[in-house]
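Structure at a glance
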Amino acid sequence: MTAVEKRLVLENVDMLSLLGSNDSNLKLIEDKFNASVVVRGENVVIKGVLEEVDVVEKVIKEMVYVLNTNGSLRTADIEAILDLTIHGKEIITEKEFDSIVLYTKNDVIKAKTAGQINYLQTALKNDICFAIGPAGTGKTYLAVAFAVSALKKGIVSRIVLARPAVEAGESLGFLPGDFREKIDPYLRPLYDALDDMMPSDKLKGYLEKRTVEIVPLAYMRGRTLNNAFVILDEAQNATDVQMKMFLTRLGVNSKAIITGDITQIDLPPRTVSGLVQAREILKNIDGVGFVYFEKSDVVRHKLVKDIINAYEKFNYNGNHVNN
């Protein structure tokens, strides 16, 4: 039978824990198969007949999943993985493995719906990705996960998250505290997402060193962001001028994700939404991708989808509701 070779790149994986002391975990695999496994850094090369190479690849991916999910990999885990995989049973399918965005201490963040999988693929393929759709579809949460993953892998050296604070308007001056305390409520959803994905002490260190920045959109003016993952959240509330300003901040080796819901625009009457305008102006530019989420992509509490449906039906019947 013809020998084949398959190469895996295992990013964001503790290779010592994966392979075991003196490659003991790797030897458990080699005892079961004739295929050879060579590891150099984060690169794994599997050589052998096609059927065995495919099974060994699945075993290694299962090991990565268990290690990153549980924080450890025992001999008993590997033996169970080998037994299940050899008999055609999988802990995680190939499709599920490819949909994983980020491993955290307490969870595995992955694209769950068709829209989210498209989001992941579009964000990977393009330097600028627009994610447009209703609340609860994971637009912001996954964008932050993409950014944290890129930071962990060394693809970028910093993360910058921005939000327009149009809800504050003139009332901002009447709120108690200094400017940071006043603006903090409008940036809080971004902090909440980061809190889920990083240990608090590490996040605190990143914020202090400005490896991670969370800023009002107005503070982006005049900057050039190199080697950065930049996110603009609630972009429907950015004006056309602000949107152009944000998009032109992108520097060398940087990526941007812009999220928003065009049914929830809080701008003053007759003010152009930068998100609505960008959707028309940039739709045919290579390197710029657009993802549109549907109600079927809602992943929050099951009632969120029902609430969206109810409001859509209410508006369709000719009733007027302020967005």
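The structure contained in this document is the topic of the report that follows.

Definitions and cut-offs
- Residues numbered from 1 in each chain as written.
- Predicted model: local features only at pLDDT ≥ 70, side-chain atom pairs only at ≥ 80, totals over all residues.
- Heavy atoms only, no water.
- Helix = DSSP H or I, 4+ residues; strand = E, 2+ residues; numbered from the N terminus.
- Buried < 20%, exposed > 50% of the residue type's maximum accessible area, 1.4 Å probe, protein only.
- Areas by Shrake-Rupley, 256 points an atom, 1.4 Å probe, with all protein chains shown as cover.
- Pairing = 2+ DSSP bridges.
- Axes fitted to C-alpha atoms, helices over the stretch in contact; angles between N-to-C directions.
- Contact = heavy atoms within 4.5 Å.
- Phe/Tyr/Trp six-rings, centres within 6.5 Å; stacked < 30°, edge-to-face > 60°.
- 1 Å grid on protein atoms, 1.4 Å probe; cavity = no way out; pocket = protein on both sides within 12 Å on 5 of 7 lines; lining within 4 Å.
- Points joined across faces, edges and corners; volume = space filled by probe spheres on them.
- Salt bridge = Lys/Arg side-chain N within 4 Å of Asp/Glu carboxyl O.
- Core = buried A, V, L, I, M, F, W, Y, C linked by side-chain atoms within 4.5 Å.
- Polar contact = N/O pair within 3.5 Å; in protein donor to acceptor, adjacent residues only side chain to side chain.
- Parallel < 35°, antiparallel > 145°, perpendicular 65-115°, else oblique.
- Left-handed = near helix turned anticlockwise from the far one by under 90°.
- Nonpolar A, V, L, I, M, F, W, Y, C, P; charged D, E, K, R; others polar.

Thoughts on the overall build of the protein chain
Helix and strand content of the protein chain: 12 helices and 11 strands. Buried positions account for 45% of the 323 residues belonging to the protein chain. A total accessible area of about 17,400 Å² is found for the protein chain, and carbon and sulfur atoms account for 51% of it.

Looking at the sheet that holds strand 10 (residues 255–260)
Pairing within the open sheet is parallel, and its six strands lie in the order 8-7-9-10-6-11. One side of each edge strand has no neighbouring strand; the edge strands of this open sheet are strand 8 (212–216) and strand 11 (288–292). Taking the axes of each pair of neighbouring strands and ignoring which way they run, one obtains an average angle of 15° across the sheet. Where strand 7 (residues 158–163) and strand 9 (residues 228–232) come together, five bridges link them in parallel fashion. Bridged to L161 within strand 9 is I231. Helix-sheet contacts for helix 6 (residues 114–125) involve strand 6 (128–132), strand 10 and strand 11, and the interaxial angle to strand 11 is about 175°.

Here's the deal with the packing of aromatic side chains
Taken as a whole, this structure holds four aromatic pairs when the rule is applied. Both rings, one in F130 and one in F290, keep their centres 4.7 Å apart while their planes meet at 10°; by these two values the pair is stacked. Linking F130 in strand 6 with F290 in strand 11, this pair joins segments that are 160 residues apart in sequence. Classification of F290 as buried rests on a relative accessible area of 18%. With 6.4 Å between their ring centres and 10° between their planes, F290 and Y292 make a pair best called stacked.

Regarding empty space enclosed by the protein
In this structure the tally under the stated criterion is two cavities of 30 Å³ or more. The volume enclosed by the largest cavity comes to roughly 60 Å³. Lining the largest cavity we find L10, L18, L19, N25, L26, I29, V37, V39, V44, I60 and M63. At the level of elements, helix 1 (15–19), helix 2 (24–32), strand 2 (36–40) and helix 3 (50–70) are the ones that each hand at least two residues to the lining of the largest cavity. Per element, the largest residue contribution to the lining of the largest cavity is three residues, and it comes from helix 2.

Description of the pattern of salt bridges
The final tally for this structure, using the stated rule, is 14 salt bridges. Among the ionic pairs, R158 bridges to E213, the shortest N-O distance being 3.9 Å. Residue R158 is located in strand 7, and its partner E213 is located in strand 8; the two are separated by 55 residues in the primary sequence. The exposure class of E213 is buried, given its relative accessible area of 6%. For R163, the salt bridge goes to D233, with nearest N and O atoms at 2.7 Å. Of this pair, R163 sits in strand 7 while D233 sits in the loop between strand 9 and helix 10 (240–247), and the two are 70 residues apart along the sequence. Side by side, R163 and D233 carry an identical accessibility label, which is buried.

Notes on the nonpolar core
With 35 residues, the main nonpolar core has Y119, F146, L161, L194 and I257 as its most contacted residues. Residue contributions to this core peak at nine residues, all from helix 7 (residues 139–152). Ignoring anything within four residues of it in the chain, the contact list for L161 reads V144, L190, L194, V212, E213, I214, V215 and I231. In this structure, V56, I60, V66 and I78 belong to the second largest nonpolar core, which totals 31 residues.

Details of the sheet that holds strand 3 (residues 43–49)
Judged by pairing direction, the sheet is antiparallel, and its three strands sit side by side in the order 1-3-2 without closing on themselves. For this open sheet the edge positions go to strand 1 (3–9) and strand 2, each flanked by a neighbour on one side alone. When the angles between neighbouring strand axes are averaged without regard to direction, this sheet yields 15°. Inspection of the sheet shows strand 1 paired to strand 3 by seven bridges, in the antiparallel sense. Looking at the pairing, R7 lines up with V45 of strand 3. Strands strand 1, strand 2 and strand 3 of the sheet are contacted by helix 3, whose axis makes an angle of about 150° with strand 3.

A few points about the environment of N34
Counting through the fold element by element, N34 comes out in the loop between helix 2 and strand 2. Given the relative accessible area of 75%, N34 is considered exposed. C-alpha of N34 to C-alpha of G48: the two residues are 14 residues apart in sequence and 7.0 Å apart in space.

Concerning the side chain of E213
A distance of 2.9 Å separates the side chain of E213 from the side chain of R210, its partner in a polar contact. A polar side-chain atom of E213 sits 2.8 Å from a polar atom in the side chain of R223.

Things to note about the packing of helix 3 against helix 4 (residues 75–86)
Geometrically, a packed helix pair is captured by the angle between its two axes and the distance between the axes. Relative orientation of the contacting elements helix 3 and helix 4 amounts to 140°, with a least axis distance of 10 Å. Of the possible angle classes, the one that applies to helix 3 and helix 4 is oblique. In this structure, helix 3 meets helix 4 at a crossing whose hand is right-handed. Of the residues in helix 4, those in contact with V55, K58, V59, E62, M63 and V66 of helix 3 are D77, I78, I81, L82 and T85. Partitioning the contact of helix 3 with helix 4 into residue classes produces seven nonpolar, one polar and three charged.

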